[in-house]
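Structural overview
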Amino acid sequence: MNTSRPIAVLGGTGPEGFGLALRWAQAGETVIIGSRDAQRAQDAAEKIKQRVGASAKISGSENIAACSATDLLVLTIPFEGHAALLKQLKPAIRPGSIVIDATVPLAASVGGRATRTLGVWQGSAAQQTAELVPKGVSVVAAFQNLGAELLNADGPVDCDVIVCSDDPNAGQVVRSLATKIPGVRAIDGGKLENARILEQITALLIGLNIRHKGHSGIRITGLPQAAYDVM
Ligand SMILES: NC(=O)c1ccc[n+]([C@@H]2O[C@H](COP(=O)([O-])OP(=O)(O)OC[C@H]3O[C@@H](n4cnc5c(N)ncnc54)[C@H](OP(=O)(O)O)[C@@H]3O)[C@@H](O)[C@H]2O)c1
């Protein structure tokens, strides 16, 4: 089933957003790549078209134009630009929108290690987003633990995606979107405050990748089948 609304991936010129955009375009979704530079966004969209084929429904726009074009937004930008971009986008975010946040506040953002996270006053990058978006906009934390290397490779990924939100309906939309990526099982991870834990797991995965020279992901075992079913 198609989500029936375009997905704007802001920062989609970077490896994480590009990989998500690629997977959704492959699944037949309509995707808009957002960038600070419209030409860079269009170039990334063209690369996706070359991989997916001419029928891919993908375009590229400057971030604010991409944001204005839909009510399903994905943030894939580094933490150092997170608050500033959200302040810029705020007037363009439509009431009732869903904002999916994959941002990880890595200490690397301020010159520290990529294996550590920064303390964020609100508790997590996703909770910072919730404070910065207009009222009535739902924030969903997801995809922090799904690495770009896996997304940009061919074939299914071997990962679960934990989805956290204070809005159960928005969480369900995002779980359905996550399962469009072959290999992904999407799990309801509870309230947005749990985003803090998802973001910290990424720092651990980066450390594991360095230590063992791989591309790690997570699988959650032992839950009843219903936990992995998306309605
Ligand atoms: N890479 C991964 O494997 C991975 C996995 C899980 C989560 N994440 C998280 O996803 C986010 C994106 O990761 P990434 O590796 O794709 O990051 P990235 O390459 O550093 O940045 C992604 C894009 O964000 C834009 N950008 C850079 N600095 C910005 C700023 N100060 N303000 C606004 N936009 C800016 C750039 O696009 P333009 O120059 O075109 O605007 C860039 O291509 C990060 O928060 C990261 O922690 C990454």
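In this report, the structure presented in the accompanying data block is examined. Since we're looking at a predicted model, the values are computed, not measured.

This next bit is on the nonpolar core. It is characteristic of soluble globular proteins that their nonpolar side chains tend to be buried jointly. Judged by nonpolar contacts, the single largest core of 38 residues is most densely connected at Trp-24, Ile-100, Phe-143, Leu-146 and Ile-181. The element best represented in this core is helix α1 (residues 15-26), accounting for six residues. For Trp-24, the residues in contact, after removing those within four places along its chain, are Ile-7, Val-9, Glu-29, Val-31, Val-74, Phe-143, Leu-177, Lys-180 and Ile-181. Ile-32, Ala-126, Ile-162 and Leu-198 belong to the second largest nonpolar core, which has 27 residues in total.

Further remarks concern the pairing of strand β3 (residues 58-62). Pairing between strand β2 (residues 31-35) and β3: five bridges, direction parallel. Note on β3: the bridge partner recorded for Ser-35 is Glu-62. Taken together, β2, helix α2 (residues 38-52) and β3 form a β-α-β motif whose crossover is right-handed.

All right, on to the site of the ligand then. If you check the shell around the ligand, you find 20 residues, and the closest are Thr-13, Ser-35, Arg-36, Ile-77 and Ala-148. One of the backbone N or O atoms of Val-104 is found 3.3 Å from an oxygen atom in the ligand. In the environment of the ligand, an oxygen atom lies 2.8 Å from a nitrogen or oxygen atom belonging to the backbone of Ala-148. Within the complex, 76% of the 880 Å² of free accessible area of the ligand lies under protein. Residues belonging to the shell around the ligand are distributed by class as follows: eight nonpolar, nine polar and three charged.

This part covers the state of the cysteines. Tallying each qualifying case throughout the model produces zero disulfides. No disulfide involves Cys-164; its nearest neighbouring cysteine sulfur is the one of Cys-159, lying 16 Å away. Since its relative accessible area comes to 1%, Cys-164 is described here as buried.

A few words on the packing of α1 against α2. α2 packs onto α1 with a crossing angle of 45 degrees between their chain directions and a minimal axis gap of 10 Å. As far as their axial angle goes, α2 and α1 are oblique. For the element pair α1 and α2, the recorded crossing hand is right-handed. Of α2, the residues touching α1 (which contributes Phe-18, Ala-21, Leu-22, Ala-25 and Gln-26) are Ala-44, Lys-47, Ile-48, Arg-51 and Val-52. Across the contact of α1 with α2, the residue classes break down as seven nonpolar, one polar and two charged.

Attention now moves to the packing of helix α4 (residues 79-89) against helix α5 (residues 125-132). The description of two helices packed together rests on the angle between their axes and the distance between the axes. Where α4 contacts α5, the two axes come as close as 10 Å, and the packing angle between them is 15 degrees. Relative to α5, α4 is oriented roughly parallel. Relative to α5, the crossing made by α4 is right-handed. When α4 is examined against α5, the residues Phe-79, His-82, Ala-83, Leu-86 and Lys-87 are found in contact with a partner set consisting of Ala-125, Gln-128, Thr-129 and Leu-132.

A few words on the sheet that holds strand β6 (residues 138-141). As summarised here, the arrangement of the eight strands in space is β3-β2-β1-β4-β5-β6-β7-β8, forming an open sheet in which the pairing is mixed. Strands at the two margins of the open sheet, each flanked by one partner only, are β3 and β8 (185-188). Across the sheet, the axes of successive neighbouring strands diverge by a mean angle of 25 degrees, strand direction being ignored. Sheet topology note: the strand β1 (residues 7-10)/β2 ladder contains four bridges and is parallel.

Below, the discussion takes up the packing of aromatic side chains. Summed over the entire model, instances satisfying the criterion amount to one aromatic pair. The ring of Tyr-228 is capped by Arg-185, whose NZ or CZ atom sits 4.0 Å from the centre of that ring.

Turning to helix α7 (residues 168-178), its buried residues are Ala-170, Gly-171, Val-174, Arg-175, Leu-177 and Ala-178. Buried residues of α7 fall within an arc of 160 degrees about the axis and therefore sit on the same side. Turned more than 90 degrees away from the buried face of α7 sit Pro-168 and Asn-169, all of them exposed. Its side-chain oxygen at 2.9 Å from the backbone nitrogen of Asn-169, Asp-167 defines the N-terminal cap of α7.

Definitions and cut-offs
- Residues numbered from 1 in each chain as written.
- Predicted model: local features only at pLDDT ≥ 70, side-chain atom pairs only at ≥ 80, totals over all residues.
- Heavy atoms only, no water.
- Core = buried A, V, L, I, M, F, W, Y, C linked by side-chain atoms within 4.5 Å.
- Buried < 20%, exposed > 50% of the residue type's maximum accessible area, 1.4 Å probe, protein only.
- Helix = DSSP H or I, 4+ residues; strand = E, 2+ residues; numbered from the N terminus.
- Contact = heavy atoms within 4.5 Å.
- Pairing = 2+ DSSP bridges.
- Right-handed = clockwise from strand over helix to strand, strands pointing away.
- Near = heavy atom within 4 Å.
- Polar contact = N/O pair within 3.5 Å; in protein donor to acceptor, adjacent residues only side chain to side chain.
- Areas by Shrake-Rupley, 256 points an atom, 1.4 Å probe, with all protein chains shown as cover.
- Nonpolar A, V, L, I, M, F, W, Y, C, P; charged D, E, K, R; others polar.
- Disulfide = S-S within 2.5 Å.
- Axes fitted to C-alpha atoms, helices over the stretch in contact; angles between N-to-C directions.
- Parallel < 35°, antiparallel > 145°, perpendicular 65-115°, else oblique.
- Left-handed = near helix turned anticlockwise from the far one by under 90°.
- Phe/Tyr/Trp six-rings, centres within 6.5 Å; stacked < 30°, edge-to-face > 60°.
- Lys NZ or Arg CZ within 6 Å of the ring centre and 35° of its normal.
- Arc of directions from axis to C-beta.

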